[in-house]
Amino acid sequence: MKNAFVVDYIADTMRENGFVMGSISSYDGFVRNLDGGSGTEYAFNIFDREGTTVYQAGVMRYDEAMSIVYLRDHPVNNSLDWQHYYEFKNGEIRTAYIDAADGYCKTALNDLVVYSPDTGCAEILFQVMPVYVNDQFEARALTRLLQSGIYSIYCDDKVILYNESSLVLTDLYDDGEVQYAAKYAVDQDVDR
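Not measured: the values here are computed from a predicted model.

S.K.: Please explain the nonpolar core as it appears in this structure.
M.R.: One recurring pattern in soluble globular proteins is that nonpolar side chains are buried together. Within the largest apolar cluster, 33 residues are counted, with the highest numbers of intra-cluster contacts made by Val-69, Leu-71, Leu-112, Val-128, Phe-137, Leu-142 and Tyr-154. Within the residue set of this core, elements represented by two or more residues are helix 1 (2-16), strand 5 (66-72), strand 8 (111-116), helix 3 (121-132) and helix 4 (139-145). Ranked by residues supplied to this core, first place goes to helix 3 with eight residues. Not counting residues within four places of it along the chain, the set of residues in contact with Val-69 comprises Gly-29, Phe-30, Leu-112, Val-113, Val-114, Cys-121, Ile-124 and Leu-125.

S.K.: Would you mind going over the side chain of His-74 with me for this structure?
M.R.: Along the chain, the position of His-74 falls in the loop between strand 5 and helix 2 (78-81). Residue His-74 is classed as buried on the basis of its relative accessible area of 2%. Looking at His-74, its side chain comes within polar contact range of the side chain of Asp-111, at 2.8 Å. Discounting chain neighbours no more than four positions away, the residues touching His-74 are Arg-49, Val-54, Tyr-85, Ile-93, Asn-110 and Asp-111.

S.K.: Is there a simple way to think about the environment of Tyr-55 in this case?
M.R.: Looking at where Tyr-55 falls in the secondary structure, it is placed in strand 4 (residues 53-62). On a C-alpha basis, the gap between Tyr-55 and Pro-130 in space is 26 Å, while along the polypeptide they are 75 residues apart. Tyr-55 has contacts with Ile-46, Phe-47, Asp-48, Glu-50, Lys-158, Tyr-173, Val-178 and Tyr-180, leaving out every residue within four places of it along the chain.

S.K.: Help me out: how do you make sense of the pattern of salt bridges in this one?
M.R.: Close approach of charged atoms lets side chains of opposite charge pair. The tally for this structure, following the rule as stated, stands at nine salt bridges. The shortest N-O distance in the salt bridge between Asp-102 and Lys-106 comes to 2.6 Å. With relative accessibility at 36%, the residue Asp-102 sits in the partly exposed group. The class for Lys-106 is buried, based on a relative accessible area of 10%. In this structure, the salt-bridge partner of Lys-106 is Asp-135, at a minimum N-O distance of 3.4 Å. Remark: Asp-135 occurs in the loop between helix 3 and helix 4 and Lys-106 occurs in the loop between strand 7 (93-95) and strand 8; sequence separation between them is 29 residues. Taking the relative accessible area as the measure of exposure, Asp-135 reaches 63% and is therefore exposed.

S.K.: Explain the pairing of strand 3 (residues 42-50) here, please?
M.R.: Side-chain direction in a regular strand flips from residue to residue, so the side chains alternate between the two faces of the sheet. Two elements, strand 3 and strand 4, share nine bridges in a ladder whose sense is antiparallel. Counted as the bridge partner of Ile-46 is Gly-58 from strand 4. Where strand 3 folds back on strand 4, the antiparallel hairpin that results is connected by two residues, among which Gly-51 adopts a positive phi of roughly 65 degrees.

S.K.: I would appreciate a short explanation of the sheet that holds strand 8 in the present structure.
M.R.: Spatial strand order, 1-2-5-8-9-10-12: seven strands in an open sheet with mixed pairing. For this open sheet the edge positions go to strand 1 (23-25) and strand 12 (181-184), each flanked by a neighbour on one side alone. The average angle at which neighbouring strand axes cross in this sheet is 15 degrees, direction not considered. The strands touched by helix 1 within the sheet are strand 1 and strand 2 (30-33), with strand 2 carrying the most contacts at an inclination of about 10 degrees. The sheet contacts of helix 3 involve strand 2, strand 5 and strand 8, and relative to strand 5 the element is tilted by about 35 degrees.

S.K.: Just to check I follow, could you spell out helix 3 for this structure?
M.R.: Side chains of residues three or four places apart in an α-helix project in the same direction, reflecting 3.6 residues per turn. Residues of helix 3 that are buried: Cys-121, Ala-122, Ile-124, Leu-125, Val-128, Met-129, Val-131 and Tyr-132. Buried residues of helix 3 fall within an arc of 160 degrees about the axis and therefore sit on the same side. Buried positions along helix 3 lie against helix 1, strand 2, strand 5, strand 8 and helix 4.

What counts as what
- Residues numbered from 1 in each chain as written.
- Predicted model: local features only at pLDDT ≥ 70, side-chain atom pairs only at ≥ 80, totals over all residues.
- Heavy atoms only, no water.
- Core = buried A, V, L, I, M, F, W, Y, C linked by side-chain atoms within 4.5 Å.
- Buried < 20%, exposed > 50% of the residue type's maximum accessible area, 1.4 Å probe, protein only.
- Helix = DSSP H or I, 4+ residues; strand = E, 2+ residues; numbered from the N terminus.
- Contact = heavy atoms within 4.5 Å.
- Polar contact = N/O pair within 3.5 Å; in protein donor to acceptor, adjacent residues only side chain to side chain.
- Salt bridge = Lys/Arg side-chain N within 4 Å of Asp/Glu carboxyl O.
- Pairing = 2+ DSSP bridges.
- Axes fitted to C-alpha atoms, helices over the stretch in contact; angles between N-to-C directions.
- Arc of directions from axis to C-beta.

As structure tokens, then:
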């Protein structure tokens, strides 16, 4: 959680001092894009872990100031992720997402991207943690976050589900055997 606050602090300080081009990100999934008006297009990769394979399912495109939080239950950078993930020889992974109620590590989804043009990374993280650190995924909980201006993207059975109607997703993965599709979905019956 610390890096969510660090990224927000640096981004807010830079914006207050007139630096509004570019973005700040941490290796563990926190991004603040400062550019709110140049018209430059930015991209954020959407990943999906299926078993031991991680697919780049698609690319989120945007052209405004944005806070993005990417939560995942698997390592992607071996040199840095050792601090947050432990993989047993049998392939089972332990994460740093611990449920305070019982002390067990839990993740309701393999990959979840949540974002907002108006809310910082720390606030997004606080809002989404009860949804993500859970035994069961509840899509309706992500829909409730829309009231706070927080949008989400996740994958289910090779479909990228998102709840911002104007979201632009490109470069959907297709290798001839595995293909991803994208679907605008609010209140989908995909709770697990």
